[in-house]
Amino acid sequence: QAQLVESGGGLVQPGGSLRLSCVASYSITSRHIMGWYRQAPGKQRELVADMAGPDRTNYADSVLGRFTISRDNAKKTVYLQMNSLKPEDTAIYYCYVNDRVYDSSYWGQGTQVTVSS
């Protein structure tokens, strides 16, 4: 079974930064879309950012300019650099991988990000 493991979450004050990492147990290639979703208490899951290639990224309006998604296929890892964090960024962040050939999706178990003073 494919596995995605997130790390890097934690408690941070407003304005702080965190870097999330997600390591896959399988080979990651250009056919995979990788991204991050989040779900805040009482809210629906939403896309934060995804990446199909170096110049094919997509960000939620709420994080544009503050968050940066990147990936290292050789390390089978996708990252989410989060700067200028706000309390409204508080959520469980889930790693996501989609295989475009088979349209198969995989999800991590999530990592908690809490932004509070």
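Since the model is a prediction, treat every value here as computed from it, not as a measurement. Within every chain, residues take consecutive numbers counted from 1 along the sequence as written. Totals for whole chains, interfaces and linings use all residues, but because this is a predicted model, local features are given only for residues with pLDDT of at least 70 and pairs of side-chain atoms are given and counted only at 80 or more. Heavy atoms throughout the structure, all of them, feed into the side-chain values; hydrogens and water do not.

Colleague: Teacher, can you tell me more about the side chain of Thr77 here?
Modeller: Tracing the backbone through its elements, the reader meets Thr77 in strand 8 (residues 77–82). Only protein chains enter the area calculation, which uses a 1.4 Å probe; residues under 20% of their type maximum are buried, those over 50% are exposed, and those in between are partly exposed. Look at Thr77 and you get buried, because its relative accessible area is 6%. There is a polar contact of 2.8 Å between the side chain of Thr77 and the backbone oxygen of Lys75. Residue contacts follow a heavy-atom distance rule, with two residues in contact if any of their heavy atoms lie within 4.5 Å. Other than its neighbours up to four places away in sequence, Thr77 contacts Ser21, Cys22, Val23, Met34, Ser70, Arg71 and Asp72. Helix and strand labels come from DSSP, where a helix needs a run of H or I of at least four residues and a strand needs a run of E of at least two; each type is numbered from the N terminus. Whenever a nitrogen or oxygen atom comes within 3.5 Å of another N or O atom, the pair is scored as a polar contact, on the condition that within protein one atom can donate a hydrogen and the other can accept it, and that pairs from neighbouring residues in sequence are kept only if both atoms are in side chains.

Colleague: Help me out: how do you make sense of empty space enclosed by the protein in this one?
Modeller: Only protein atoms enter the 1 Å grid, on which a cavity is a set of points fitting a 1.4 Å probe that cannot get out and a pocket is an open set with protein on both sides within 12 Å along at least 5 of 7 lines, lining residues being those with an atom within 4 Å of a point. Grid points are joined across faces, edges and corners, and a volume is the space filled by probe spheres set on the points. In total, this model carries one cavity of 30 Å³ or more according to the counting rule given. For the largest cavity, the full set of lining residues is Arg38, Gln39, Ala40, Lys43, Gln44, Glu46, Glu88 and Ala91.

Colleague: What exactly am I supposed to notice about the sheet that holds strand 8 here?
Modeller: Hydrogen bonds between backbone atoms are what pair the strands of a sheet, whose relative direction is either parallel or antiparallel. Read across the sheet, four strands follow the order 1-3-8-7 without closing on themselves; strand pairing throughout is antiparallel. In this open sheet, the two edge strands, each paired with only one partner strand, are strand 1 (4–7) and strand 7 (67–72). Pairs of neighbouring strands in the sheet enclose a mean axial angle of 15°, with direction left out of account. DSSP bridges decide pairing: two strands pair if at least two such bridges lie between them. Comment: axis = line fitted to C-alpha atoms, over the contacting stretch for helices; angle = value between 0 and 180 degrees taken between N-to-C directions.

Colleague: Help me out: how do you make sense of the packing of aromatic side chains in this one?
Modeller: Two numbers describe a pair of aromatic rings. These are the distance of the centres and the angle of the planes. When two rings of Phe, Tyr or Trp (its six-membered ring) have centres within 6.5 Å they constitute a pair, described as stacked for plane angles under 30 degrees, edge-to-face for angles over 60, and tilted for the intermediate range. Tallied over the entire structure, the rule returns four aromatic pairs. In this structure an aromatic cluster arises from ring pairing among Tyr37, Tyr96 and Trp107. One Lys or Arg, Arg45, reaches over the ring of Tyr37 and ends 5.2 Å from the middle of that ring. We count a charge as sitting over a ring when the NZ of a lysine or the CZ of an arginine lies within 6 Å of the ring centre and within 35 degrees of the ring normal.

Colleague: Where do I start with the nonpolar core in this structure?
Modeller: Soluble globular proteins: nonpolar side chains tend toward being buried together. Only buried residues count toward a nonpolar core. Its members are Ala, Val, Leu, Ile, Met, Phe, Trp, Tyr and Cys residues joined through side-chain atoms within 4.5 Å. Among the nonpolar cores identified, the biggest contains 29 residues, and Trp36, Val48, Phe67, Ile69, Leu80, Met82 and Tyr93 are the most heavily contacted of them. Among the elements of the structure, strand 3 (18–24), strand 4 (32–39), strand 5 (46–53), strand 7, strand 8, strand 9 (91–99) and strand 11 (111–115) are those that each provide at least two residues to this core.

Colleague: Before we go on, may I ask you to explain the pattern of salt bridges in this structure?
Modeller: Pairing between side chains becomes possible if they bear opposite charge and their charged atoms approach one another. Any Lys or Arg side-chain nitrogen located within 4 Å of an Asp or Glu carboxyl oxygen qualifies as a salt bridge. Throughout the structure, instances matching the rule amount to four salt bridges. We note a salt bridge from Arg38 to Glu46, for which the minimum N-O separation is 2.7 Å. The shortest N-O distance in the salt bridge between Asp89 and Arg38 comes to 2.9 Å. Here Asp89, found in the loop between strand 8 and strand 9, pairs with Arg38, found in strand 4; they are 51 residues apart in sequence, far enough to count as distant. In terms of burial, Asp89 and Arg38 fall into one category: buried.

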